[in-house]
Amino acid sequence: MTSMTPQNAPFGSILTDVMAIATFKDGRWSPHSLRAVGPIEIHPAAHALHYASECFEGFKAYKWADGSVHVFRMDRHIERLRQSARSLVLPEPDAAQVAEMVLAVIDRCRAAVPDAPGALYLRPLLFGTMPNIGAAATPANEACLIVLASPVWDYFAGGAKPLRIYVEEEATRCASHLGVVKTGGNYAAALGPTLAARRQFQVDQVLFCPHGEVQETGAANFLLIRPGRIVTRALDSTFLHGVTRDSLLTMARDLGYAVEERVFTVEEMLAWARDGEAALSGTAAVLAGVGTLIRKGGVEQRVGGGGVGPETQKLRAALVAIQQGTALDRYGWLRRV
Ligand SMILES: *Cc1c(COP(=O)(O)O)cnc(C)c1O
């Protein structure tokens, strides 16, 4: 057995001691309480267990070199949670209440926020608890909101390894109106195809490209990058509108990149890959370089030189510097907590 020190614990495998919890009943949310992290009681007929009325969020708080703690674009993530709740017809929590819960958890877990390049990952979770197995076509009128926190360390502890990505041109990740919703059901839907591609082609992730149009992977957005230019799919209902994606594009425009948000095809991506870069964006890794694209039948194409490209490294470093307080936050993305 290998011993697991926190520094090499897999992302999300360790939680802090404290969580915040609030419940919705009789048309309103209870005040939250702080509790020890541990099992909760849930009725076996709870709506979420049968009809997947569940959504979540994920974002980070960073400890700067001076010891102060700063949360990144929390308001934007809370707005997305509320949007997910509306899409799934779950009781929508007030933005102010979610913020209060997040801040209370961070405050209680201050000592557990790792130094850079680590962070405290915050995980709000909302699910329907109405106990009624006949409610397949009825929204949950009872719900639970929990905020968990997880100290995470360097995502690239073993070095930034270029990713192997399977290009899936038939299967969809989820129903086309739900891509924009951060809900567990979408992950469940992507799991089978992802594991199948992993087994067959030893890939890290699957890039979903239904009808030959590039969307995103199971948990990250997809960008084509080259000096002075970025191409990524324009926002629509079919994929998750990443806050990291938005942050990178905003920064890139100010750095002088031409940013094209539009539909692009697998063919265009493969042509780009001959001498361009490709990367995945998301809160966990910020920006991770793609080294190889694998098509149906196992045909492999290297992306650029097959490593993590220089533009990808440059953009990632620029955003990480803002998050860790070593570059000026011109955008007001960080909030000291
Ligand atoms: C969370 C998530 C992302 C990344 O979003 P960020 O806000 O950048 O963390 C991308 N795709 C999917 C499917 C996601 O669930």
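Calculation notes
- Residues numbered from 1 in each chain as written.
- Predicted model: local features only at pLDDT ≥ 70, side-chain atom pairs only at ≥ 80, totals over all residues.
- Heavy atoms only, no water.
- Near = heavy atom within 4 Å.
- Polar contact = N/O pair within 3.5 Å; in protein donor to acceptor, adjacent residues only side chain to side chain.
- Areas by Shrake-Rupley, 256 points an atom, 1.4 Å probe, with all protein chains shown as cover.
- Helix = DSSP H or I, 4+ residues; strand = E, 2+ residues; numbered from the N terminus.
- Nonpolar A, V, L, I, M, F, W, Y, C, P; charged D, E, K, R; others polar.
- Domains from an automatic or database assignment.
- Contact = heavy atoms within 4.5 Å.
- Buried area = accessible area lost by both parts, 1.4 Å probe.
- Salt bridge = Lys/Arg side-chain N within 4 Å of Asp/Glu carboxyl O.
- Core = buried A, V, L, I, M, F, W, Y, C linked by side-chain atoms within 4.5 Å.
- Buried < 20%, exposed > 50% of the residue type's maximum accessible area, 1.4 Å probe, protein only.
- Disulfide = S-S within 2.5 Å.
- Pairing = 2+ DSSP bridges.
- Axes fitted to C-alpha atoms, helices over the stretch in contact; angles between N-to-C directions.
- Parallel < 35°, antiparallel > 145°, perpendicular 65-115°, else oblique.
- Left-handed = near helix turned anticlockwise from the far one by under 90°.
- Phe/Tyr/Trp six-rings, centres within 6.5 Å; stacked < 30°, edge-to-face > 60°.

1. Describing the site of the ligand
Move 1: In the vicinity of the ligand, 16 residues are found, and the nearest of them are Lys 182, Tyr 187, Glu 216, Thr 244 and Thr 283.
Move 2: The separation between an oxygen atom of the ligand and a polar side-chain atom of Tyr 187 is 2.4 Å.
Move 3: Surface burial for the ligand is 97%, taken as the share of its 380 Å² of free accessible area covered by protein chains.
Move 4: Mapped by element, the contributors of at least two residues to the shell around the ligand are helix 2 (74–87) and helix 5 (243–254).
Move 5: When the residues that make up the shell around the ligand are grouped by side-chain class, the tally is five nonpolar, seven polar and four charged.

2. Structural notes on the domain arrangement of the chain
Move 1: Here the chain is partitioned into domain 1 (6–152) and domain 2 (163–323).
Move 2: The C-alpha centroid of domain 2 is placed 26 Å from the C-alpha centroid of domain 1.
Move 3: Between domain 1 and domain 2, the contact holds 21 residues from the first and 18 residues from the second.
Move 4: A buried area of about 1600 Å², summed over both sides, lies between domain 1 and domain 2, and 57% of it is on carbon and sulfur atoms.
Move 5: The largest contributions to the domain 1 side of the interface with domain 2 come from Phe 56, Phe 72 and Arg 80, which together make up 33% of the buried area.
Move 6: Applying the counting criterion to the domain 1 and domain 2 interface returns two salt bridges.
Move 7: Of the charged contacts in the structure, one is a salt bridge between Asp 246 and Arg 76, with a shortest N-O distance of 3.7 Å.
Move 8: Scanning the region where domain 1 abuts domain 2 turns up twelve residue pairs in polar contact (both at pLDDT 80 or more).

3. Focus: the side chain of Thr 129
Move 1: Within the secondary structure, Thr 129 is located in the loop between strand 7 (119–128) and strand 8 (143–152).
Move 2: Only 3.2 Å separates the side chain of Thr 129 from the backbone nitrogen of Ala 143, close enough to count as a polar contact.

4. A word on the nonpolar core
As a rule of thumb, nonpolar side chains are buried together in soluble globular proteins.
Move 1: Counting residues in hydrophobic clusters, the biggest one holds 34 residues, and the most contacted among them are Val 102, Ile 106, Leu 120, Leu 122 and Leu 126.
Move 2: Of all the secondary structure elements, the ones that give two or more residues to this core are strand 1 (18–25), strand 5 (59–63), strand 6 (69–72), helix 2, helix 3 (95–108), strand 7 and strand 8.
Move 3: With six residues, the top contributor of residues to this core is helix 3.
Move 4: Here this core spans two domains, and each of domain 1 (6–152) and domain 2 (163–323) adds at least three residues to it.
Move 5: Once residues lying within four places of it in the same chain are set aside, the contact partners of Ile 106 are Ala 61, Val 69, Val 71, Leu 120, Leu 122 and Val 337.
Move 6: Residues Ile 165, Leu 207, Cys 209 and Leu 280 belong to the second largest nonpolar core, which totals 24 residues.

5. Details of the state of the cysteines
Move 1: Per the counting criterion, the structure on display carries zero disulfides.
Move 2: Here Cys 144 stays free of any disulfide, with the sulfur of Cys 55 as its closest cysteine sulfur at 12 Å.
Move 3: The exposure class of Cys 144 is buried, given its relative accessible area of 5%.
Move 4: Free of any disulfide, Cys 209 has its nearest cysteine sulfur in Cys 174, 13 Å distant.

6. Notes on the pairing of strand 5
It is a general feature of regular strands that their side chains alternate between the two faces of the sheet.
Move 1: The buried fraction of strand 5 is high, at five of five residues.
Move 2: The alternating pattern of strand 5 places Phe 59, Ala 61 and Lys 63 and Lys 60 and Tyr 62 on opposite faces, both of which are buried.
Move 3: By the bridge criterion, three bridges tie strand 5 to strand 7 in an arrangement that is antiparallel. Bridge pairing in strand 7 places Ala 61 opposite Leu 120.
Move 4: With antiparallel pairing between neighbouring strands as the criterion, strand 5 and strand 6 make up a hairpin whose turn holds five residues, including Gly 67 at a positive phi of roughly 90°.

7. Brief notes about the pattern of salt bridges
Move 1: Applying the stated criterion across every chain, the model contains 23 salt bridges.
Move 2: Where Arg 233 meets Glu 213, a salt bridge forms, and the shortest distance between an N and an O atom there is 3.3 Å. One end of the pair, Arg 233, is in the loop between strand 13 (229–232) and helix 5; the other, Glu 213, is in the loop between strand 10 (205–208) and strand 11 (216–217), and 20 residues separate them in sequence.
Move 3: Residue classification places Glu 213 among the partly exposed residues on the basis of a relative accessible area of 28%.
Move 4: The residue Arg 245 makes a salt bridge to Glu 261 at a minimum N-O spacing of 2.7 Å.

8. Describing the packing of helix 2 against helix 3
Move 1: With their axes 10 Å apart at the nearest point, helix 2 and helix 3 run at an angle of 125° to one another. The angle between the axes of helix 2 and helix 3 places the two elements in the oblique class. Between helix 2 and helix 3 the crossing geometry is right-handed. Residues Met 74, Ile 78, Glu 79, Leu 81 and Arg 82 of helix 2 lie in contact with helix 3, whose contacting residues are Ala 95, Val 98, Ala 99, Val 102 and Leu 103.
Move 2: Partitioning the contact of helix 2 with helix 3 into residue classes produces eight nonpolar, no polar and two charged.

9. Digging into the packing of aromatic side chains
Move 1: Evaluation of the coordinates by the stated rule reveals seven aromatic pairs.
Move 2: When the centroid spacing of 5.0 Å and the interplanar angle of 70° are considered together, the rings of Phe 11 and Tyr 121 count as edge-to-face. A residue pair is termed long-range when its members are at least 10 positions apart, and Phe 11 in the segment before strand 1 and Tyr 121 in strand 7 qualify at 110 residues.
Move 3: The class of Phe 11 is partly exposed, set by a relative accessible area of 35%.

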